[in-house]
Amino acid sequence: MAQKPKVDPHVGRLGYLQALVTEFQETQSQDAKEQVLANLANFAYDPGNYQYLRQLQVLDLFLDSLSEENETLVEFAMGGLCNLCADRANREHILQAGGVPLIVNCLSSPSEETVLSAVTALMGLGSPGARPHPELTARPVVQCMLRFSLSASARLRNLAQIFLEDFCSPSQVAEARSWRADAALGIPLPRAEAPQQP
């Protein structure tokens, strides 16, 4: 297990977060990187940290980590982004930084937790009933949600159904259904998932 960051307890929240970011950037240990990213993702849950996390460019650190080969880093980064999507300024940053395709790529993760965070983040980047960012409801995403709505995992199935009902128009769902079922290849169900029989 990696050691806790060496941080002076009197430096305050910003100083502590800065120490975490610095440790993430400087350490060569994968275990330490995982622990630090997990800590940053947990700090992303508190709205009181949003300003500091933006200031320290943690949103970009999370987005960059989505391309890592280490699935644990991807899972923690996706969880952090999911937590940050509750804030308007964070949503705008993620959209402007080209985060949607990176998040969509996480829909094909073998980790169910990563996929759940990706679906939740996509929902957080949109507003139910409002016209969503076009990438959020592109046909491959809608097809993927249709597949997920058949998942044996109740959490994934329910999230996908909410996405389809709240973020997609009936015509988008119908169009996605009309395309070949294998057109969403590349976005498989998470590890050990099989579609439910209708």
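In case you missed it, the structure is sitting above this.
All figures in this text were calculated on a predicted structure; none of them were measured in a lab.

*Asks:* Provide a residue-level description of helix H4 (residues 58-65), including the pertinent values.
*Replies:* By the criterion of burial, H4 is predominantly enclosed, with six of the eight residues buried. Turning to H4, its buried residues number three or more, namely Val58, Leu59, Leu61, Phe62, Leu63 and Ser65. Elements in contact with the buried residues of H4: helix H1 (12-26), helix H2 (30-43), helix H3 (50-55), helix H5 (71-84), helix H6 (88-96) and helix H7 (99-105).

*Asks:* Residue-level account of the environment of valine 100, with values.
*Replies:* Note on placement: valine 100 falls in helix H7. Ignoring any residue separated from it by four or fewer positions in sequence, one finds valine 100 in contact with Ile94, Leu95, Leu122, Leu125, Glu135 and Leu136.

*Asks:* Report on unusual backbone geometry, specifying residues and quantitative values.
*Replies:* In this structure, glutamine 57 is a non-glycine residue whose phi angle is positive, near 60°. Note on placement: glutamine 57 falls in the loop between H3 and H4. Take glutamine 57: its relative accessible area is 52%, and that puts it in the exposed class.

*Asks:* Give me the lowdown on the packing of aromatic side chains, citing residues and values where you can.
*Replies:* The final tally for this structure, using the stated rule, is two aromatic pairs. A cation over a ring is seen here: lysine 33 above phenylalanine 24, with NZ or CZ 4.3 Å from the ring centre.

*Asks:* Outline the packing of helix H8 (residues 112-125) against helix H10 (residues 154-167), supporting the account with residue identities and numerical values.
*Replies:* The geometry of H8 relative to H10 is characterised by a closest axis approach of 10 Å and an angle of 15° between their N-to-C directions. In terms of orientation, H8 lies roughly parallel with respect to H10. Judged by the twist between their axes, the crossing of H8 over H10 is left-handed. Of the residues in H10, those in contact with Glu112, Glu113, Val115, Leu116, Val119, Thr120, Leu122 and Met123 of H8 are Arg155, Leu156, Leu159, Ile162, Phe163 and Phe167. By residue class, the composition of the contact of H8 with H10 is ten nonpolar, one polar and three charged.

Cut-offs applied
- Residues numbered from 1 in each chain as written.
- Predicted model: local features only at pLDDT ≥ 70, side-chain atom pairs only at ≥ 80, totals over all residues.
- Heavy atoms only, no water.
- Buried < 20%, exposed > 50% of the residue type's maximum accessible area, 1.4 Å probe, protein only.
- Helix = DSSP H or I, 4+ residues; strand = E, 2+ residues; numbered from the N terminus.
- Contact = heavy atoms within 4.5 Å.
- Phe/Tyr/Trp six-rings, centres within 6.5 Å; stacked < 30°, edge-to-face > 60°.
- Lys NZ or Arg CZ within 6 Å of the ring centre and 35° of its normal.
- Axes fitted to C-alpha atoms, helices over the stretch in contact; angles between N-to-C directions.
- Parallel < 35°, antiparallel > 145°, perpendicular 65-115°, else oblique.
- Left-handed = near helix turned anticlockwise from the far one by under 90°.
- Nonpolar A, V, L, I, M, F, W, Y, C, P; charged D, E, K, R; others polar.

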